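Inside the fold
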Amino acid sequence: MDALDLLGGDAQAFLDDVWATRAHIHKADIDRLVALLALDDVDALLTSTALRTPALRIAQDGKVLTASSYTRQATIAGEQLTGLVDVRKVVALFEGGATLVLQGLHRYWPPLTQLIRSLERGLGHPCQANAYLTPAGAQGFALHSDAHDVFVFQTHGAKQWEVHDRGSQLDVLMEVGTCMYLPAGTPHAARTQDTASLHVTVGVNQVSYREALRGVVDTVLDDPRYSGRLPAAYLDDPETLASGFATRLTSLADTLAGLEPLALASQHATSFLSSRRTELRGALQDILSIETIDDDTILQRRPGAFCVVDPCGDSSTRVTLLLGDRQLHLPSWLADVAAHVAALPADAILRPADLAPWLERQSRVVLSRRLVREGLLKVAG
């Protein structure tokens, strides 16, 4: 819950409240927040990399500008690239009062990738991260609300927020180190005053019981018994359609009633933990050195990597590790060592020799190399 502690304060109290039900403001560790995305980082991303839309969006005075006003085309090896950010156009728009929005930063900015993975691990809901850079005396977006919950944190300058919370209007000055939580549907707008502002928004796309149960019902309805066509001429004789509905509704109800809630919950958790993107910085160098890994090689748990023992697995035949974007199946006799590896905290150091209580030398070296190849561990340094 490290990410939730940073962004929302007391993580357990936040969760015990079944999420915060109204706007919540928290003063966080300034150095830790700024390290996630500083102004210099945004400057480098915008001016020194080949960003393409929709990674950048630009808004001004409540309107989103067309991408053609700040992009260009180019060719690589004869292939045309479109939507490339034109740095000079972007700088000119920013100087003229436009807000620059970096979208989907969790996909390519490692500090935010790790933050998002930590938050997803603690909450069990998909999350995302965007950043907003606004010059002094400007406003990018008009009063609006979001369909998802939002954590906001300030890493440069200041911004004045107008928040409408349960019929009351709150005026919140977001300064460096300030975090704010806005439940889904909370109307808000923000404007800079004397300084430019950089803030990051972390969106939490909560999965509802409706969505989860719809998936369960859809799976049941995949059964061939529900694939028959509606009877002909039912428009003139609805009774023929009603009879078919009655039979299938009874069958559907019986099937749903026989499902085990704990098994469904475990399956949902397994699906979530097998569909998260993994940050693999350094993986190429790891592969090049993988055959040199021996009993004393210093390995490290990769930051942001998921590793959970599959609760749905049949432990009598094998143990399955859920690694975020994949599943790793191991023989059941490796259950204890798998549990030990899964319990390692982020950045934890591990030598193959540390697995001696469970495995002989050759086996633990082979397993360690496999965990490096799968991206859970990396060669330290």
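Note: the structure precedes this text.
Fair warning: this is a prediction, and the values are worked out from it, not measured in the lab.

On to the pattern of salt bridges, then. In this structure the tally under the stated criterion is eleven salt bridges. A salt bridge links Arg364 to Asp295; the nearest nitrogen and oxygen atoms lie 2.8 Å apart. One end of the pair, Arg364, is in helix H12 (residues 361-373); the other, Asp295, is in the loop between helix H10 (283-288) and strand S13 (299-301), and 69 residues separate them in sequence. Of the charged contacts, one joins Arg370 and Glu374 as a salt bridge, the two residues approaching to 2.9 Å between their closest N and O atoms. Looking at Arg370, the relative accessible area reads 35%, which means it is partly exposed. Owing to a relative accessible area of 14%, Glu374 belongs among the buried residues under this scheme. Taken together, the salt bridges that share partners define one network made up of Asp325, Arg326, Arg370 and Glu374.

Another aspect to go through is the side chain of Arg276. You can see Arg276 is positioned in the loop between helix H9 (261-273) and H10. Polar contacts involving the side chain of Arg276 include one to the side chain of Ser275, which spans 3.2 Å. Apart from the residues lying within four places of it in its own chain, the contact partners of Arg276 are Arg117, Glu120, Pro126, Phe306, Gly324 and Asp325.

So, about unusual backbone geometry. The step from Thr53 to Pro54 runs through a cis peptide bond, and the omega angle for that step is 5°. Structurally, Pro54 is set in the loop between helix H4 (39-48) and strand S2 (56-60). Although it is not a glycine, Asp61 sits at a positive phi angle of roughly 50°. Looking at the element boundaries, Asp61 is found in the loop between S2 and strand S3 (63-64).

In space, the three strands of this open sheet follow the order S17-S13-S18, with antiparallel pairing throughout. Edge strands, defined here as strands with exactly one partner in the open sheet, are strand S17 (349-350) and strand S18 (377-379). Relative to S17, S13 is paired through two bridges, and the arrangement is antiparallel. Looking at the pairing, Gln300 lines up with Ile349 of S17.

A separate point is the packing of aromatic side chains. What the rule picks out here adds up to two aromatic pairs. Between Tyr132 and Phe141, the ring centres sit 6.1 Å apart and the planes meet at 75°, which makes this aromatic pair edge-to-face. Residue classification places Tyr132 among the buried positions, given a relative accessible area of 14%. Ring centres 5.0 Å apart and planes at 50° place the aromatic pair Phe151 and Tyr181 in the tilted group. Pair noted here: Phe151 is in strand S8 (residues 149-165) and Tyr181 is in strand S10 (residues 178-182), with a separation of 30 residues, a long-range link.

Our focus in this paragraph is H9. With 13 residues, H9 should cover 18 Å at 1.5 Å per step; its first-to-last C-alpha distance of 18 Å lies within 8% of that length. Among the residues of H9, Ser266, Thr270, Phe272 and Leu273 are the ones counted as buried. The arc that holds the buried residues of H9, viewed along the axis, is 165°, so those residues lie on one side. Contact partners of the buried residues in H9: helix H6 (110-123), strand S14 (308-309), strand S15 (318-322) and strand S16 (327-331).

A few words now on the side chain of Ser274. With respect to the element layout, Ser274 can be found in the loop between H9 and H10. A distance of 2.8 Å separates a polar atom in the side chain of Ser274 from the backbone oxygen of Thr270. With residues near it in sequence (within four places) discarded, Ser274 still touches Leu322, Gly324, Asp325, Arg326 and Gln327.

With 42 residues, the main nonpolar core has Leu7, Leu112, Leu119 and Phe153 as its most contacted residues. Leu119 has contacts with Ala3, Leu4, Leu7, Gly124, Cys127, Phe151, Val202 and Val204, leaving out every residue within four places of it along the chain. Listed in part, the 25 residues of the second largest apolar core include Ile290, Ile293, Leu299 and Leu371.

For the rest of this paragraph, the subject is the packing of helix H7 (residues 209-221) against helix H8 (residues 238-257). Each pair of packed helices gets described by two things: the angle between the helix axes and the distance between those axes. It is at 11 Å that the axes of H7 and H8 come closest, and there the two elements cross at 120°. The angle between H7 and H8 falls in the class oblique. The way H7 lies across H8 gives a crossing that is right-handed. On the side of H7, the interface is formed by Val216, Val217, Val220 and Leu221, while H8 contributes Leu252, Thr255 and Leu256. Residue classes in the contact of H7 with H8 are distributed as six nonpolar, one polar and no charged.

All chains considered together, the criterion is met by one cavity of 30 Å³ or more. Its boundaries defined by the atoms lining it, the largest cavity holds a volume of some 40 Å³. Thr278, Ala305, Phe306, Leu323, Asp325, Glu374, Gly375 and Leu376 together form the lining of the largest cavity. Looking at side-chain class alone, the lining of the largest cavity contains four nonpolar, two polar and two charged residues.

One open sheet holds the three strands; their spatial order is S14-S15-S16, and the pairing between them is antiparallel. Lying at the two open borders of the sheet, with one neighbouring strand each, are S14 and S16. Looking at chain direction, S14 and S15 are connected through two bridges and run antiparallel. Residue pairing in the sheet places Val308 in a bridge with Leu322 of S15.

The rules behind each value
- Residues numbered from 1 in each chain as written.
- Predicted model: local features only at pLDDT ≥ 70, side-chain atom pairs only at ≥ 80, totals over all residues.
- Heavy atoms only, no water.
- Salt bridge = Lys/Arg side-chain N within 4 Å of Asp/Glu carboxyl O.
- Helix = DSSP H or I, 4+ residues; strand = E, 2+ residues; numbered from the N terminus.
- Buried < 20%, exposed > 50% of the residue type's maximum accessible area, 1.4 Å probe, protein only.
- Polar contact = N/O pair within 3.5 Å; in protein donor to acceptor, adjacent residues only side chain to side chain.
- Contact = heavy atoms within 4.5 Å.
- Pairing = 2+ DSSP bridges.
- Phe/Tyr/Trp six-rings, centres within 6.5 Å; stacked < 30°, edge-to-face > 60°.
- Expected span 1.5 Å × (residues − 1).
- Arc of directions from axis to C-beta.
- Core = buried A, V, L, I, M, F, W, Y, C linked by side-chain atoms within 4.5 Å.
- Axes fitted to C-alpha atoms, helices over the stretch in contact; angles between N-to-C directions.
- Parallel < 35°, antiparallel > 145°, perpendicular 65-115°, else oblique.
- Left-handed = near helix turned anticlockwise from the far one by under 90°.
- Nonpolar A, V, L, I, M, F, W, Y, C, P; charged D, E, K, R; others polar.
- 1 Å grid on protein atoms, 1.4 Å probe; cavity = no way out; pocket = protein on both sides within 12 Å on 5 of 7 lines; lining within 4 Å.
- Points joined across faces, edges and corners; volume = space filled by probe spheres on them.

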